[in-house]
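Analysis of the macromolecular model
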Amino acid sequence: MTTNNYNNHNNKEVITEPNTVGQIYRKVSPLERTYLYHDRGSEQPMILNAVLEGHGEFHLQQWQAALNKVAIAYPGIRLKKSGRLGFSNWRISGSHIPVTLIENSLWDGMSPENAVFLRNPLSPYEGPNFEVVLVKSDKLRVIFRLHHAVGDTGAMRHIIDDVFRVLKGGEAIGSNSVLCDFDILSRIPRSRLPKSTNTDIAPTGLPQGSSMNSLWHRI
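Here is what the cut-offs are and how they apply
- Residues numbered from 1 in each chain as written.
- Predicted model: local features only at pLDDT ≥ 70, side-chain atom pairs only at ≥ 80, totals over all residues.
- Heavy atoms only, no water.
- Helix = DSSP H or I, 4+ residues; strand = E, 2+ residues; numbered from the N terminus.
- Core = buried A, V, L, I, M, F, W, Y, C linked by side-chain atoms within 4.5 Å.
- Buried < 20%, exposed > 50% of the residue type's maximum accessible area, 1.4 Å probe, protein only.
- Contact = heavy atoms within 4.5 Å.
- Pairing = 2+ DSSP bridges.
- Axes fitted to C-alpha atoms, helices over the stretch in contact; angles between N-to-C directions.
- Salt bridge = Lys/Arg side-chain N within 4 Å of Asp/Glu carboxyl O.

Details of unusual backbone geometry
Between Gly127 and the following residue, Pro128, the backbone shows a cis peptide bond with an omega angle of -5°. Its location among the elements puts Pro128 in the loop between β5 (99-102) and β6 (130-136). Positive phi values are uncommon outside glycine, yet Asn104 reaches one of about 50°. Tracing the backbone shows Asn104 in the loop between β5 and β6. Here the phi dihedral of Asn114 falls at roughly 60°; this positive angle occurs in a residue that is not glycine. Here Asn114 lies in the loop between β5 and β6.

Okay, structure coming up:
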């Protein structure tokens, strides 16, 4: 979990100068390194997919313009890994966020079937680490895809809010805080977690063998 995309404007860690390509943003945290390691050796990419469903029309140029504005407001989603081991750091890359339009898709949003775009890799080393896929099917679906090494689901919600804010003619709030997961945890009072029992299972159900494929649960 990284939180560099959160709104932490009152913290001293916030960068106040414009972010330039190649600039060191912050170090890679130990937890982020575990995500990077898993991403290299597993069939399941460490990528968060947030899917929104609705009706209407897609205007690709408007979406691309909005994402490029949001990318400037969130340098944390346009990072590239540099260095090795304890010297690893995240550096700022270009501001272009890819937006892809898929016409006449057969994906029904109910399973991974006909949705190969959900498994496309994102590269922490070459970029991009964030992308948007617009899918025309029985409904319109917008898929926001973020590499877990540079952001978490909390960050994703802030980004999505800003994308729609810009699409409606507003300005992105953004965040350029360089806080990472360990910085946040060190500020939270610790409490003892209750012990789990053998009857506790994930809301998506028990795992099936050693498969790393996704399990789906619609709410």
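Read on for the rest.
Topic: the nonpolar core
Ranked by size, the top nonpolar core spans 36 residues in total, and within it Trp63, Leu67, Trp90, Phe130, Val132, Phe144 and Met156 carry the most contacts. Breaking this core down by element, the ones donating at least two residues are α1 (30-41), β2 (47-54), α2 (60-73), β4 (89-92), β6, β7 (140-147) and α3 (153-167). Top contributing element to this core by residue count: α2, with six residues. Other than its neighbours up to four places away in sequence, Phe144 contacts Leu48, Asn49, Ala50, Leu52, Trp63, Phe130, Glu131, Val132, Met156, Ile160, Val163 and Phe164.

Structural notes on the sheet that holds β2
Either a parallel or an antiparallel arrangement is found when strands of a sheet pair, and the pairing is made through backbone hydrogen bonds. Ordered by their spatial adjacency, four strands build an open sheet running β2-β7-β6-β5, and the pairing between neighbours is mixed. Unpaired on one side and paired on the other, β2 and β5 mark the two borders of the sheet. Taken pair by pair, the neighbouring strands of this sheet meet at an average axis angle of 15°, ignoring direction. As paired elements, β6 and β7 share seven bridges and run antiparallel to each other. Residue pairing in the sheet places Glu131 in a bridge with Arg145 of β7. The strands touched by α3 within the sheet are β2, β6 and β7, with β2 carrying the most contacts at an inclination of about 40°.

So, the sheet that holds strand β3 (residues 79-82)
The three strands are arranged β1-β4-β3 in an open sheet whose pairing can be described as antiparallel. Every interior strand has two partners, whereas the edge strands, β1 (24-27) and β3, have only one. Strand-to-strand twist across the sheet, computed as the mean angle between neighbouring axes with direction ignored, equals 30°. The pairing of β1 with β4 spans three bridges and is classified as antiparallel. Looking at β4, one finds that Arg26 is bridged to Trp90.

A short note on the pairing of β6
Burial within β6 is extensive, with six of its seven residues counted as buried. Counting the residues between successive antiparallel strands, the hairpin from β6 to β7 contains three residues.

Here we look at the pairing of β4
Relative to β4, β3 runs antiparallel, the two being bridged by four bridges. Paired with Lys80 across the strands is Arg91, a residue of β4.

Considerations on the pattern of salt bridges
All chains considered together, the criterion is met by seven salt bridges. Of the charged contacts in the structure, one is a salt bridge between Arg165 and Asp162, with a shortest N-O distance of 2.2 Å. Linking Arg165 with Asp162, this pair stays in helix α3, spanning three residues, or about one helical turn. Looking at Arg165, the relative accessible area reads 31%, which means it is partly exposed. One salt-bridge network, in which partners are shared between bridges, spans Glu53, Asp138, Lys139 and Arg141.

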